[in-house]
Amino acid sequence: MSRNILISIVVPCFNEEEVLPLTHAHLRSVLENIPYDTEIVYVDDGSRDKTGEMLEAMHAEDERVKVLRLSRNYGHQIAVTAGLDAAQGDAVVLIDADLQDPPEVILEMIERWRDGYDVAYGQRIDREGETAFKLWTAKLFYRLINRLSNIQIPLDTGDFRLMDRKVVDGLCLMREQDRFIRGMVTWTGFRQTAVPYHRASRAAGETKYPFSKMLRFAIDAIISFSTVPLRLATAVGFIASAFALVVMGYSLLAVVLQLPLEPGWASLLISVSFIGGCQLICLGIIGEYVGRIYREAKRRPLYLLRTRLGLSSPRSADDSNEGRE
Ligand code: UDP
Ligand code: MG
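Heads up: these notes are all about the structure in this document. Residue positions are given per chain, counted from 1 along the sequence in the order it is written. Each chain takes a letter, starting from A, and each ligand takes a number, starting from 1, following the order in which they are written. Confidence filtering applies because this is a predicted model: local features only for residues at pLDDT of at least 70, side-chain atom pairs given and counted only at 80 or more, and all residues used for totals across whole chains, interfaces and linings. Hydrogen atoms and water are omitted, and side-chain values are computed over all heavy atoms in the structure.

So, on to the overall build of the chain. Scanning the chain for helices and strands turns up ten helices and eight strands. Each radius of gyration reported is based on C-alpha atoms, and the globular scaling rule is 2.2 Å times the count of residues to the power 0.38. Against the globule reference of 20 Å for 325 residues, the chain gives a C-alpha radius of gyration of 25 Å, more extended than a compact globule. Long-range pairs, those at least 24 residues apart, make up 82% of the contacts in the chain with a sequence separation of at least 6. Residue-level accessible areas treat just the shown protein chains as cover; the underlying method is Shrake-Rupley with a 1.4 Å probe. If you sum the accessible surface of the chain, you get close to 16,600 Å²; carbon and sulfur atoms cover 61% of it. One finds the centroid of the 38 positive side-chain charges in the chain at a distance of 5 Å from the centroid of its 42 negative side-chain charges. Helix and strand definitions follow DSSP, with helices as H or I runs of at least four residues and strands as E runs of at least two, each counted in order from the N terminus. Only heavy atoms matter for contacts: two residues are in contact if any of them lie within 4.5 Å across the pair. Charged residues are defined narrowly, with Lys and Arg counted positive, Asp and Glu counted negative, and His plus the chain ends left uncounted. To locate a charge, take NZ of a lysine, CZ of an arginine, CG of an aspartate or CD of a glutamate.

A cutoff of 4 Å decides nearness: a residue is near a molecule or strand if any of its heavy atoms lies inside that distance of it. In the region of ligand 1, 20 residues are neighbours, and Glu 16, Asp 45, Asp 98, Thr 207 and Lys 208 sit closest. Polar contact criterion, stated in full: a pair of N or O atoms within 3.5 Å, where within protein one must be able to donate a hydrogen and the other to accept it, and residues adjacent in sequence count only if both atoms are side-chain atoms. Within the backbone of Pro 12, one N or O atom sits 2.8 Å away from an oxygen atom of ligand 1. Glu 16 has a polar side-chain atom sitting 2.6 Å from an oxygen atom of ligand 1. Burial of ligand 1 by the surrounding chains reaches 95%, relative to a free accessible area of 530 Å². Secondary-structure elements contributing two or more residues to the shell around ligand 1 are β1 (6-13) and α3 (76-86). Its residues placed into classes, the shell around ligand 1 shows six nonpolar, five polar and nine charged. Classification used: nonpolar for Ala, Val, Leu, Ile, Met, Phe, Trp, Tyr, Cys and Pro, charged for Asp, Glu, Lys and Arg, polar for all others including Gly.

The next subject is the nonpolar core. Counting residues in each nonpolar core, the largest one holds 41 residues, and the members touching the most others are Leu 70, Leu 84, Met 163, Phe 180 and Tyr 303. Top contributing element to this core by residue count: α3, with six residues. Sequence-distant contacts of Leu 84, defined by excluding residues within four places in its chain, comprise Val 10, Val 92, Leu 94, Met 163, Val 168, Leu 171 and Cys 172. Membership of the second largest hydrophobic core comes to 30 residues, among which are Leu 31, Ala 91, Ile 106 and Leu 309. Think of a nonpolar core as a cluster: buried Ala, Val, Leu, Ile, Met, Phe, Trp, Tyr and Cys residues, connected wherever their side-chain atoms sit within 4.5 Å. Exposure categories follow from relative accessible area, calculated using a 1.4 Å probe and restricted to protein chains: below 20% of the type maximum is buried, above 50% is exposed, and the middle band is partly exposed.

Glancing now at the coordination of the magnesium ion (ligand 2). For a metal bound by four donors in tetrahedral geometry, the ideal donor-metal-donor angle is 109.5 degrees, whereas six donors in octahedral geometry ideally sit at 90 or 180 degrees. A donor here means any N, O or S atom no more than 2.8 Å from the metal (3.2 Å for Na, K and Ca); water is not included, so a site may seem to lack partners. Those protein atoms acting as donors to the magnesium ion (ligand 2) are Asp 98 (OD) and Gln 100 (OE1), and they sit at 1.9 to 2.0 Å. By relative accessible area, Asp 98 is classed as buried at 4%.

Salt bridges are counted wherever a side-chain nitrogen of Lys or Arg sits within 4 Å of a carboxyl oxygen of Asp or Glu. Counted under the stated rule, the structure contains 21 salt bridges. Its salt-bridge partner being Arg 69, residue Glu 56 comes within 2.9 Å of it at the nearest N-O pair. Taken together, the residues Glu 56 in helix α2 (residues 51-61) and Arg 69 in strand β3 (residues 65-70) connect sequence positions 13 residues apart. Overall, the relative accessible area of 29% leaves Glu 56 in the partly exposed class. Judged by its relative accessible area of 7%, Arg 69 falls in the buried class. For Glu 288, the salt bridge goes to Arg 292, with nearest N and O atoms at 3.1 Å. Residue Glu 288 and its partner Arg 292 are located together in helix α10 (residues 265-297), separated by four residues, close to a single helical turn. The exposure class of Glu 288 is partly exposed, given its relative accessible area of 25%. When salt bridges with common partners are traced through the structure, they connect Asp 178, Arg 216, Asp 220, Glu 288, Arg 292 and Arg 295 into a single cluster.

With twelve residues, helix α1 (residues 20-31) ought to run about 16 Å at 1.5 Å a step, and its terminal C-alpha atoms sit 16 Å apart, in line with that. Taken as a whole, α1 has its buried residues at Leu 20, Thr 23, His 24, Leu 27, Val 30 and Leu 31. Buried residues of α1, seen end-on, are gathered within an arc of 125° and therefore sit on one face of the element. Check the buried side of α1 and you find it contacts β1, β2 (37-44), α2, β3 and α4 (105-114). For a helix, the expected span equals 1.5 Å multiplied by the number of residues minus one. Directions drawn from the helix axis to the C-beta atoms are what define this arc.

Within the secondary structure, Thr 157 sits in strand β6 (residues 157-164). Taking relative accessible area as the criterion, Thr 157 reaches 0% and is therefore assigned buried. From its side chain, Thr 157 meets the backbone oxygen of Pro 154 in a polar contact 3.2 Å long. Once you skip the residues sitting within four places of it in the chain, Thr 157 turns out to touch Tyr 121, Gly 122, Gln 123, Arg 124, Tyr 142 and Arg 182.

If you want it as structure tokens, here you go:
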């Protein structure tokens, strides 16, 4: 007899005690309408509140609930990775714990999957309860990354999506430290389609992505998917040198033609600081890449587990560089 089809739902949670009961109830009601076997893989990303204990209680009460507890807070993208490594499903859905992504949309994603698509990603039509600043920066970010990198990440998507086993296996093979999951999913190729939805505001609790984390995330995304900034450094260097040549040419001409030429320290100062600035920018850009090479060279596991409830060891094809207890 063939194995039943299994759908996994991966939910990263960091300090989500306020919203978790709500999310769980909501998810469970949606699961009732899924005509396949289901499991929910909650990943506790080193929460400092009651989230971990709540998840363990949920596991004790419902065997479909699987729980991973990471040894500390690793960040959203790594938490998602841990969940993907552990999920057993033939299709895996990623969803945030704060109900900003409506769980009902999962049903539509499953429809697309049955139609033969390998990835069904949620695409936000609008976003309630976000500041104008966040909306504007998010928009800028997607435009920028699509310009700079050679893969096209669909606009206005988050990590809310369904992926076929093929895609998840592909992601599990990608062990890079600086992870930008939606970009990596685009990279895998296969057949991808959008499922439009309205993004609600957080059901409870506060955003775990302050501006500094968002900026870090954007830099990670750009650097891991593009070497354009490195080339930018070269371009800035050329422009600076060209500027210096022009100034030199002018000074020579001025001497020959006896034009008035201030023996000025101002021009000297300007050009020195300009060149200095360019060099520092270039060094900074190269530094970002060197830092990444350094992090990869250490070959550390992406995360360490504290507890694993209801899950066997990872199913992924290559577990040589896997997180281990
Ligand atoms: N999250 C996580 N680790 C972190 C930060 C966030 O696992 O270090 C989880 C969080 O619990 C939520 C999801 O990632 O389920 C998205 O976070 P959040 O809602 O704070 O981000 P936003 O929607 O504001 O971008
Ligand atoms: Mg959120």
